[in-house]
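Listed here are the chains, written in short residue letters.
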Amino acid sequence: MKPPVLIVLHQEHSTPGRVGLRLKERGIPLDIRRPRFGDPLPSTLADHAGAIVFGGPMSANDDEDFVRQEIDWLSVPLAEGAPLLGICLGAQMLAKQLGAGVGRRADGLVEIGYYPLKATADGEALLPWPSQVYQWHGEGFDLPQGAELLASGELFANQAFRYGPAAFGFQFHIELTLMMMHRWTVRGAERFTLPGAQDRGAHLEGRALYDVQSSAFLDRFLGMWLDLPRGAPA
């Protein structure tokens, strides 16, 4: 049996969405942990193929034990050079572990909906990227010292980065399924009034236009990410 990928979730009923589905299609088991609800995180990733830390409504700046402990734990995959991916909150936690700031824009603008993405030269050398990606966040991250910026955006400049041989942070949501979009846009409808947010119709239209790109990107990224050799300690 192939080693599992560690999946770190932050809400009781959250799922790894399309990321989880694609990993299972590749025959890779999921080791799902929810540290917020008492699940321990492993002291090593020697028995895992990698780790993916997902999003959530909390902030990487929150003064909560599980938030601080999870940010501290990210030193484990970094030290081992294990494949690591942070998505939205997970990317912000990774940036914070690496000493970068996390916070809101001074003007309060958010990204909730589909927004343009532009790959950098380093990003283009790695993979083809989608032109628009799905976002649901009010905070962003500074680029950690020593990290490569892979993709940028208009409202939040830092959208994707690579640190060391195998650690990645994505501000946008590549895991989103249609069911997840319906759930988020119904339960979180009050956020559509925030400055910069798009209404529910724009979310659904954006999915029809851009989801094929996101799906193809996810396949390419996972194929590359899972094949990364364990690197030297970052």
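The structure we're discussing is the one just above.
The structure presented is a predicted model; accordingly, all values stated were derived computationally and were not measured.

S.K.: How should I be thinking about the overall build of the chain in this particular structure?
M.R.: Each helix and strand in the chain was counted, giving seven helices and 12 strands. In terms of overall size, the chain behaves like a compact globule, its C-alpha atoms giving a radius of gyration of 16 Å where 234 residues would be expected to give roughly 17 Å. Burial status across the chain gives 54% buried among its 234 residues. With an accessible surface of roughly 10,200 Å², the chain has 52% of that area assigned to carbon and sulfur atoms. In the chain, which carries 21 positive and 27 negative side-chain charges, the distance between the mean positions of the two groups comes to 5 Å.

S.K.: Teacher, can you tell me more about the nonpolar core here?
M.R.: One recurring pattern in soluble globular proteins is that nonpolar side chains are buried together. I52, W129, F170 and F221 are the most contacted members of the largest nonpolar core, which has 32 residues in total. Of all elements in the fold, only strand 1 (5-8), helix 1 (17-25), strand 4 (84-87), strand 10 (148-152), strand 12 (167-170) and helix 7 (200-226) reach the threshold of two or more residues within this core. Ranked by the residues each element gives to this core, the list is headed by helix 7, at six residues. Apart from the residues lying within four places of it in its own chain, the contact partners of F170 are L85, G86, I87, C88, A91, W129, Q159, A160, F217 and F221. Judged by nonpolar contacts, the second largest core, of 29 residues, contains V8, A91, L94 and L98.

S.K.: What should I look at first to understand the pattern of salt bridges in this one?
M.R.: Opposite charge on two side chains permits them to pair, given that their charged atoms come into close proximity. Within the structure shown, the criterion is met by eight salt bridges. The salt bridge involving R18 is made with D211; its shortest N-O contact spans 2.8 Å. Taken together, the residues span a long stretch of sequence, with R18 in helix 1 and D211 in helix 7 at a distance of 193 residues. Residue classification places R18 among the buried residues on the basis of a relative accessible area of 10%. On the accessibility criterion, D211 (14% relative accessible area) is buried. R22 is the salt-bridge partner of D219, the closest N and O atoms lying 2.9 Å from each other. Linking D219 in helix 7 with R22 in helix 1, this pair joins segments that are 197 residues apart in sequence.

S.K.: Even after reading the chapter, I still don't get the side chain of H173, so can you show me in this structure?
M.R.: Considering the arrangement of structural elements, one finds H173 in the loop between strand 12 and helix 6 (178-187). Within the structure, the side chain of H173 is placed 2.8 Å from the side chain of E175, a separation counted as a polar contact. If sequence neighbours within four positions are ignored, H173 has contacts with I87, C88, Y134, Q135, W136 and W184.

S.K.: Please clarify how the side chain of T120 should be interpreted in this entry.
M.R.: Among the structural elements, T120 can be located in the loop between strand 7 (118-119) and helix 5 (121-126). Discounting residues that sit within four places of it in the chain, T120 has contacts with L149, L150 and A151.

S.K.: Explanation requested: the packing of aromatic side chains in the structure shown.
M.R.: The relative placement of two aromatic rings is captured by the distance of their centres and the angle of their planes. A complete count under the given rule lists 15 aromatic pairs for this structure. Ring geometry for W136 versus F192: centroids 6.0 Å apart, planes at 65°, classification edge-to-face. Separated by 56 residues along the polypeptide, W136 in strand 8 (residues 132-137) and F192 in the loop between helix 6 and helix 7 bring together distant segments of the chain. By the burial criterion, W136 is buried, and F192 matches it. Every member of this aromatic cluster is reached through a ring pair, and the members are W129, F168, F170, F172, F217, F221 and W225.

S.K.: Sorry, what's going on with the pairing of strand 3 (residues 50-53) here?
M.R.: Each regular strand shows side chains that alternate between the opposite faces of the sheet. With burial as the criterion, each face of strand 3 is covered, one bearing G50 and I52 and the other bearing A51 and V53. Pairing between strand 1 and strand 3: four bridges, direction parallel. Bridge pairing links V5 to G50 in strand 3. Taken together, the three bridges between strand 3 and strand 4 define a ladder with parallel strand orientation. If you follow V53 over to strand 4, its bridge partner there is G86.

S.K.: What is the right way to look at the packing of helix 1 against helix 7 in this model?
M.R.: Describing two packed helices takes the angle between their axes plus the distance from one axis to the other. Running from N to C, helix 1 and helix 7 point in directions that differ by 50°, and their axes come no closer than 11 Å. As far as their axial angle goes, helix 7 and helix 1 are oblique. In the packing of helix 1 onto helix 7, the handedness of the crossing is right-handed. Between helix 1, through R18, V19, R22 and L23, and helix 7, the contact on the second element is made entirely by R207, D211, S214, S215, L218, D219, L222 and L226. Residue classes in the contact of helix 1 with helix 7 are distributed as five nonpolar, two polar and five charged.

Basis of the calculations
Residues numbered from 1 in each chain as written. Predicted model: local features only at pLDDT ≥ 70, side-chain atom pairs only at ≥ 80, totals over all residues. Heavy atoms only, no water. Helix = DSSP H or I, 4+ residues; strand = E, 2+ residues; numbered from the N terminus. Rg over C-alpha atoms; globule rule 2.2 N^0.38 Å. Buried < 20%, exposed > 50% of the residue type's maximum accessible area, 1.4 Å probe, protein only. Areas by Shrake-Rupley, 256 points an atom, 1.4 Å probe, with all protein chains shown as cover. Lys, Arg positive; Asp, Glu negative; His and termini not counted. Charge placed at Lys NZ, Arg CZ, Asp CG, Glu CD. Core = buried A, V, L, I, M, F, W, Y, C linked by side-chain atoms within 4.5 Å. Contact = heavy atoms within 4.5 Å. Salt bridge = Lys/Arg side-chain N within 4 Å of Asp/Glu carboxyl O. Polar contact = N/O pair within 3.5 Å; in protein donor to acceptor, adjacent residues only side chain to side chain. Phe/Tyr/Trp six-rings, centres within 6.5 Å; stacked < 30°, edge-to-face > 60°. Pairing = 2+ DSSP bridges. Axes fitted to C-alpha atoms, helices over the stretch in contact; angles between N-to-C directions. Parallel < 35°, antiparallel > 145°, perpendicular 65-115°, else oblique. Left-handed = near helix turned anticlockwise from the far one by under 90°. Nonpolar A, V, L, I, M, F, W, Y, C, P; charged D, E, K, R; others polar.

Keep in mind these values describe shape, not function.
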